[in-house]
Amino acid sequence: MKDRIMDVVENLCTQHGPLSLKHTKVAKELGIKPPSLYAHFPSMAAILTSTIERALKEISITYDNIDHSYSPVEALNIIQSRQIDLLISRPGIARLVLSDLCQPGGIQAINWNTLEIVQITEKERTLFEKSIPLKLIPEQDFEFWFSTRMGALYIALSYEWLKSPKISPERVIALKKYLQIAL
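Residues numbered from 1 in each chain as written. Predicted model: local features only at pLDDT ≥ 70, side-chain atom pairs only at ≥ 80, totals over all residues. Heavy atoms only, no water.

Engineer: An account of the overall build of the protein chain is requested, with residue identities and associated values reported.
Structural biologist: When helices and strands are counted, the protein chain shows 9 helices and 0 strands. The linear arrangement of helices and strands in the protein chain, starting from the amino end, is α-α-α-α-α-α-α-α-α. Along the first, second and third principal axes, the C-alpha atoms of the protein chain reach 60 × 35 × 30 Å. Here the contacts in the protein chain between residues at least 6 apart in sequence split such that 63% fall between residues at least 24 apart. Total accessible area computed for the protein chain in this model is approximately 10200 Å², and 60% of it derives from carbon and sulfur atoms. Charged side chains in the protein chain number 21 positive and 20 negative. The centres of these two groups are separated by 8 Å. (Helix = DSSP H or I, 4+ residues; strand = E, 2+ residues; numbered from the N terminus. Contact = heavy atoms within 4.5 Å. Areas by Shrake-Rupley, 256 points an atom, 1.4 Å probe, with all protein chains shown as cover. Lys, Arg positive; Asp, Glu negative; His and termini not counted. Charge placed at Lys NZ, Arg CZ, Asp CG, Glu CD.)

Engineer: Account for the nonpolar core, with residues named and values stated.
Structural biologist: Formed by 52 residues in total, the largest nonpolar core has its most connected members in V26, W145 and L157. For this core, the secondary structure elements donating two or more residues are helix 1 (2-16), helix 2 (23-30), helix 4 (44-61), helix 5 (72-89), helix 6 (91-102), helix 7 (114-131), helix 8 (142-163) and helix 9 (169-179). Examining the composition of this core, we find that 9 residues originate from one element, helix 8, more than from any other. Contacts of W145, omitting those with residues within four sequence positions, involve L76, E124, F128, I137, Q140 and I181. (Core = buried A, V, L, I, M, F, W, Y, C linked by side-chain atoms within 4.5 Å. Buried < 20%, exposed > 50% of the residue type's maximum accessible area, 1.4 Å probe, protein only.)

Engineer: So what about the environment of D141? Which residues, and what values?
Structural biologist: For D141, the location among the structural elements is in the loop between helix 7 and helix 8. With a relative accessible area of 46%, D141 lands in the partly exposed category.

Engineer: Tell me about the packing of helix 1 against helix 4, residues and numbers included.
Structural biologist: Relative to each other, helix 1 and helix 4 sit at 90°, their axes nearing to 10 Å. Here helix 4 runs roughly perpendicular to helix 1, going by the angle between their axes. Note on element contacts: helix 4 touches helix 1 through I47, L48, S50, T51 and R54, opposite D3, I5, M6, D7, V9 and E10. Partitioning the contact of helix 1 with helix 4 into residue classes produces 5 nonpolar, 2 polar and 4 charged. (Axes fitted to C-alpha atoms, helices over the stretch in contact; angles between N-to-C directions. Parallel < 35°, antiparallel > 145°, perpendicular 65-115°, else oblique. Nonpolar A, V, L, I, M, F, W, Y, C, P; charged D, E, K, R; others polar.)

Engineer: So what's going on with unusual backbone geometry? Residues and values would help.
Structural biologist: In this structure, N65 takes a positive phi of about 60° despite not being glycine. Within the element layout of this structure, N65 appears in the loop between helix 4 and helix 5.

Written out as structure tokens, the structure is:
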């Protein structure tokens with residue numbers, strides 16, 4: 001049932017945005033009474049935290065199983081392509097993450113998932129640090145580089161969704177190409 005609840009939350013984020021999430025809406029979508037949600041999660045914040053945790057684990061998986069014959073930059077481009085595919089197929093994830101990051105203090109779901117964020121960051125940092133001595137990317141501050149890279153991805157997708165709820169395959173290809181690290 002927990003996964004079903006998180007699926008509904010993600011779907012509602014896709015349809016209406018995270019700021020419209022209410023436990024009554026989630027319960028209605030599930031066909032249960034609102035207090036029944038609390039048999040599975042102690043609060044709406046806990047539901048959002050678990051939904052973000054699940055999403056971050058899926059984002060982390062995009063870094064796995066990269067052929068070692070690729071350069072670090074090629075690997076980063078493959079990872080970003082995978083992340084674009086994931087987020088396009090599940091826009092509620094991107095909307096929930098952006099909602100948390102853009103609010104003063106956030107909704108805490110990101111703050112309560114620091115372990116997953118650290119794992120993602122470290123996977124990215126490893127490829128970043130391998131790229132610098134090979135002169136595949138210029139030496140720079142990793143945190144700024146990472147936040148710029150992730151920000152470009154999320155904002156580019158958000159802009160596309162402002163124009164249309166569905167991103168065409170042609171636009172997906174264009175986005176992937178535009179967001180690639182030049183080789």
